[in-house]
Amino acid sequence: MKVVVALPTRSATIRLARRLAALLAPGDLVLLEGPLGAGKTYLARALLRALGVGRDTRVTSPTFALVHAYAARLDVRHADLYRVASGHEVDELGLLAARDAGAALLVEWGARFARELGGDALTATLSLEPRAVALGASGDRSSLVLAGLSS
Ligand SMILES: Nc1ncnc2c1ncn2[C@@H]1O[C@H](COP(=O)(O)OP(=O)(O)O)[C@@H](O)[C@H]1O
Ligand SMILES: [Mg+2]
């Protein structure tokens with residue numbers, strides 16, 4: 001199943017994030033794909049806000065730290081693997097260990113490391129012209145989340 005949602009405005013992204021956040025559970029993996037500027041970080045931030053990360057906590061792009069951790073309704077790791085070259089480096093970031101311990105993972109540029117991240121991913125591929133997101137799933141759990149989104 002593929003679900004495509006138009007995201008012409010930031011508000012549209014926030015609405016989608018609220019619906020998706022309500023479906024997320026411990027151990028879920030969300031991969032954020034698409035070109036620079038497509039809105040991956042913006043969607044991750046909207047998801048974190050919808051999960052309860054308050055305005056007093058800044059949500060910035062993890063471009064340099066690679067992984068930021070948040071405690072909200074779920075434990076969440078927000079990662080950006082743009083600069084990561086090998087699966088071994090991904091292993092060292094401890095994302096799979098965090099996932100196994102119950103964290104949800106929001107990973108920009110993570111699709112090429114889906115295996116190292118434990119698979120069963122909900123992949124959100126953002127596009128710029130026009131702004132939209134195509135959502136796909138690669139396992140039982142992510143398919144359940146996707147079905148929830150499309151219903
Ligand atoms: N749905 C949207 N409509 C309009 N602008 C958006 C939308 N989503 C994100 N943006 C804006 O696009 C810019 C780039 O977003 P960002 O999330 O940093 O992209 P990425 O992480 O994919 O490189 C930001 O200024 C952000 O506010
Ligand atoms: Mg980004």
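Residues numbered from 1 in each chain as written. Chains lettered and ligands numbered in written order. Predicted model: local features only at pLDDT ≥ 70, side-chain atom pairs only at ≥ 80, totals over all residues. Heavy atoms only, no water.

Participant: An account of the overall build of the protein is requested, with residue identities and associated values reported.
Facilitator: Within the protein one finds five helices and seven strands. Shown N-terminal to C-terminal, the secondary structure of the protein runs as helices and strands in the order β-α-β-α-β-β-α-α-β-β-β-α. Taking 15 Å as the expected radius of gyration for a compact globule of 151 residues, we find that the protein reaches 14 Å, a close match to that expectation. Projected onto its principal axes, the C-alpha coordinates of the protein cover approximately 35 × 35 × 30 Å. When the 151 residues of the protein are sorted by exposure, 48% land in the buried category. (Helix = DSSP H or I, 4+ residues; strand = E, 2+ residues; numbered from the N terminus. Rg over C-alpha atoms; globule rule 2.2 N^0.38 Å. Buried < 20%, exposed > 50% of the residue type's maximum accessible area, 1.4 Å probe, protein only.)

Participant: So what about the site of ligand 1? Which residues, and what values?
Facilitator: Around ligand 1 lies a shell of 15 residues, among which R10, T13, G37, K40 and Y42 are the nearest. The separation between an oxygen atom of ligand 1 and a polar side-chain atom of R10 is 2.8 Å. The separation between an oxygen atom of ligand 1 and a polar main-chain atom of T41 is 2.9 Å. Alone, ligand 1 offers 560 Å² of accessible surface; in the complex the protein occludes 75% of this. Sorting the residues of the shell around ligand 1 by element identifies α1 (10–23) and α2 (40–50) as the ones contributing at least two each. Of the residues forming the shell around ligand 1, the biggest block, three residues, is contributed by α2. Its residues placed into classes, the shell around ligand 1 shows six nonpolar, five polar and four charged. (Near = heavy atom within 4 Å. Polar contact = N/O pair within 3.5 Å; in protein donor to acceptor, adjacent residues only side chain to side chain. Areas by Shrake-Rupley, 256 points an atom, 1.4 Å probe, with all protein chains shown as cover. Nonpolar A, V, L, I, M, F, W, Y, C, P; charged D, E, K, R; others polar.)

Participant: I'd like to hear about the coordination of the magnesium ion (ligand 2), residue by residue, with values.
Facilitator: Here the magnesium ion (ligand 2) is held by the protein donor atoms T41 (OG1) and E108 (OE), which lie 2.2 to 2.3 Å from it. Here E108 lies in strand β5 (residues 104–108) and T41 lies in helix α2, a separation of 67 residues in the sequence. Look at E108 and you get buried, because its relative accessible area is 3%. (Donors = N, O, S within 2.8 Å, 3.2 Å for Na, K, Ca; no water.)

Participant: Can you lay out unusual backbone geometry for me, pointing to particular residues and giving the numbers?
Facilitator: Residue P130 is reached from E129 by a cis peptide bond, and omega for that bond is 5 degrees. As for its placement among the helices and strands, P130 is situated in the loop between β6 (121–128) and β7 (131–137). The phi torsion at W109 lies on the positive side, around 55 degrees, for a residue other than glycine. Relative to the helices and strands, W109 resides in the loop between β5 and β6. One non-glycine residue, D120, lies in positive phi territory at about 50 degrees. Mapped onto the secondary structure, D120 falls in the loop between β5 and β6. Taking relative accessible area as the criterion, D120 reaches 24% and is therefore assigned partly exposed.

Participant: Report on the side chain of S142, specifying residues and quantitative values.
Facilitator: Its place among the elements puts S142 in helix α5 (residues 140–150). S142 sits in the buried class, given a relative accessible area of 2%. Apart from the residues within four sequence positions on either side, S142 is in contact with D120, A121, L122 and A137. (Contact = heavy atoms within 4.5 Å.)

Participant: Help me get a handle on the environment of R141, residues and values and all.
Facilitator: Looking at the element boundaries, R141 is found in helix α5. Apart from residues no more than four positions distant in its own chain, R141 is found in contact with L23, L24, A25, D28 and D120. There is a polar contact of 3.0 Å between the side chain of R141 and the backbone oxygen of L23. A polar side-chain atom of R141 sits 2.7 Å from a polar atom in the side chain of D28.

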